[in-house]
Amino acid sequence: MAQLQIPMIDKSFYNSTTALANKKVVENKIRPNYGSYIKASSANSGIPEEMLESFIYIESAGNPNAGTTAVGLMQIGAAGASDVIVQEKQKGRMTQAEEAIMKKYLGTTYDKTIASLKKGQMSAGTWVSKSLLYKPEFNIAVGAMYLKQLIDEFTTKDGVRMDKVIAIYNTGRYSSTAKKIIPSKKPISTLLADMPTVTKSYVLKLVGKNLKIKHETHGILNLIG
């Protein structure tokens, strides 16, 4: 179990007034409508509920129909979801509860895909339909799996590089930004300067001052890793 001290950096995206308004959206819209799915995915993945709520707020403001290519509450694409599920299964990280959700929504497609991979097929390609990602339970489950994988990848003996996790989630693993960020040894204070403005803002929304993850000035989140 790794710990993340928040905020990570003494810079902010939100002012205190906006942060309180954001909190109300979480409390009055996201939590009442999707709280049970968030709680379940938190238990399954080890990602704190506050973090899942924050990603949902920033990605879609709680609109399950948001998006075009990447869609739904946590803005997941069909190709990305396909890869995340395969990686979770191949690495032996998928819990029974997560697998039950996969089978609930994917049915025999899930069983056939996993069976083909066991026979030595290297990649399943894009096999998750985009329409399923508009389903809140499925979307949150896959989003939590993806965050779990990224946090595991970017956890070192010195702690979680949540700035890298957030940037990769935002830009995609194979983006030009990701190619610069992944191998970087720079601390968050200087790595931010290498990020596009949109990605830098995204990081500050989640782990800067007046952050979306928790609304206290400081705190510690316990994360997998």
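Higher on the page you've got the structure.
Conventions and cut-offs
- Residues numbered from 1 in each chain as written.
- Predicted model: local features only at pLDDT ≥ 70, side-chain atom pairs only at ≥ 80, totals over all residues.
- Heavy atoms only, no water.
- Helix = DSSP H or I, 4+ residues; strand = E, 2+ residues; numbered from the N terminus.
- Rg over C-alpha atoms; globule rule 2.2 N^0.38 Å.
- Buried < 20%, exposed > 50% of the residue type's maximum accessible area, 1.4 Å probe, protein only.
- Contact = heavy atoms within 4.5 Å.
- Areas by Shrake-Rupley, 256 points an atom, 1.4 Å probe, with all protein chains shown as cover.
- Lys, Arg positive; Asp, Glu negative; His and termini not counted.
- Charge placed at Lys NZ, Arg CZ, Asp CG, Glu CD.
- Pairing = 2+ DSSP bridges.
- Phe/Tyr/Trp six-rings, centres within 6.5 Å; stacked < 30°, edge-to-face > 60°.
- Lys NZ or Arg CZ within 6 Å of the ring centre and 35° of its normal.
- Axes fitted to C-alpha atoms, helices over the stretch in contact; angles between N-to-C directions.
- Nonpolar A, V, L, I, M, F, W, Y, C, P; charged D, E, K, R; others polar.
- Core = buried A, V, L, I, M, F, W, Y, C linked by side-chain atoms within 4.5 Å.
- Expected span 1.5 Å × (residues − 1).
- Salt bridge = Lys/Arg side-chain N within 4 Å of Asp/Glu carboxyl O.

Undergrad: Would you explain the overall build of the protein in this entry?
TA: Along the backbone of the protein there are 10 helices and 4 strands. Start at the N end of the protein and walk to the C end: the helices and strands fall as β-α-α-α-α-α-α-β-β-α-α-α-α-β. Over its C-alpha atoms the protein spans a radius of gyration of 17 Å, differing by no more than 12% from the 17 Å that the globule rule assigns to 225 residues. Based on the C-alpha atoms only, the size of the protein along its principal axes is roughly 50 × 40 × 35 Å. For the protein, with 225 residues in total, the buried portion stands at 50%. Within the protein, residue pairs in contact and separated by at least 24 positions form 70% of the contacts whose partners lie at least 6 positions apart. Summing over all exposed atoms, the protein offers an accessible surface of approximately 10,700 Å²; the carbon and sulfur share of this is 51%. Charge-centre separation for the protein: the mean point of 30 positive side chains lies 4 Å from the mean point of 18 negative side chains.

Undergrad: Explain the pairing of strand β4 (residues 219-223) here, please?
TA: Walk down a regular strand and you will see the side chains alternate between the two sheet faces. Across the two faces of β4 the burial differs, with Gly219, Leu221 and Leu223 buried and Ile220 and Asn222 not buried at all. Sheet analysis places strand β1 (residues 2-6) next to β4, joined by 5 bridges and oriented antiparallel. The residue of β4 that forms the bridge with Leu4 is Leu221.

Undergrad: Help me out: how do you make sense of the packing of aromatic side chains in this one?
TA: The geometry of an aromatic ring pair is captured by the separation of the ring centres together with the interplanar angle, meaning the angle of the planes. Under the criterion given, the structure shown has 5 aromatic pairs. Summarising the aromatic geometry, the rings of Phe55 and Tyr202 are spaced 6.3 Å apart at their centres and angled 70° between planes, so their arrangement reads as edge-to-face. Of this pair, Phe55 sits in helix α2 (residues 49-60) while Tyr202 is found in helix α10 (residues 197-207), placing the two residues 147 residues apart along the sequence. One exposure class covers both Phe55 and Tyr202, and it is buried. Every member of this aromatic cluster is reached through a ring pair, and the members are Phe55, Tyr146, Tyr169 and Tyr202. It is Lys212 that lies over the ring of Tyr57; its NZ or CZ is 5.4 Å from the centre.

Undergrad: Whenever I open this one, the packing of helix α4 (residues 96-106) against helix α5 (residues 108-118) confuses me. Can you help?
TA: Packed helices, taken two at a time, are described by their axes: the angle between them and the distance between them. Remark: α4 packs on α5, axes separated minimally by 6 Å, with the N-to-C direction vectors making an angle of 115°. On α5, the residues touching Glu99, Met102, Lys103 and Leu106 of α4 are Thr108, Thr109, Tyr110 and Asp111. Of the residues assigned to the contact of α4 with α5, the class counts are 3 nonpolar, 2 polar and 3 charged.

Undergrad: Teacher, can you tell me more about the nonpolar core here?
TA: Across soluble globular proteins, you tend to see nonpolar side chains buried next to one another. The biggest cluster of nonpolar side chains holds 70 residues, and the ones touching the most others in it are Met51, Phe55, Ile85, Met102 and Met162. With 10 residues, the single largest contributor to this core is helix α6 (residues 136-153). In this structure Met162 touches Leu4, Met8, Met51, Phe55, Ile151, Val207 and Leu223, once residues within four positions along its chain are discounted.

Undergrad: Any chance you could explain helix α3 (residues 78-90) here in plain terms?
TA: Since the α-helix advances by 3.6 residues per turn, residues separated by three or four positions end up pointing in the same direction. Here α3 contains 13 residues, and its C-alpha end-to-end distance of 18 Å stays within 8% of the 18 Å for a straight helix at 1.5 Å per residue. When we look at burial in α3, the residues that qualify are Ala78, Ala81, Ser82, Val84, Ile85, Val86 and Glu88. Gly92 sits one or two residues past α3 and shows a positive phi near 70°.

Undergrad: Would you take a moment to explain the pattern of salt bridges for this structure?
TA: Any two side chains of opposite charge can pair, given that their charged atoms come close. Tallied over the full model, the rule gives 14 salt bridges. With a shortest N-O distance of 2.8 Å, Glu137 and Lys104 are connected by a salt bridge. You can see Glu137 sitting in helix α6 and its partner Lys104 sitting in helix α4, a full 33 residues away along the chain. Taking the relative accessible area as the measure of exposure, Lys104 reaches 57% and is therefore exposed. Residues Asp163 and Arg161 are paired through a salt bridge, measuring 2.6 Å at the closest nitrogen-oxygen approach. For the pair shown, Asp163 and Arg161 are each scored as buried. Through salt bridges with shared partners, one network takes in Glu88, Arg93, Glu98, Lys148 and Asp152.

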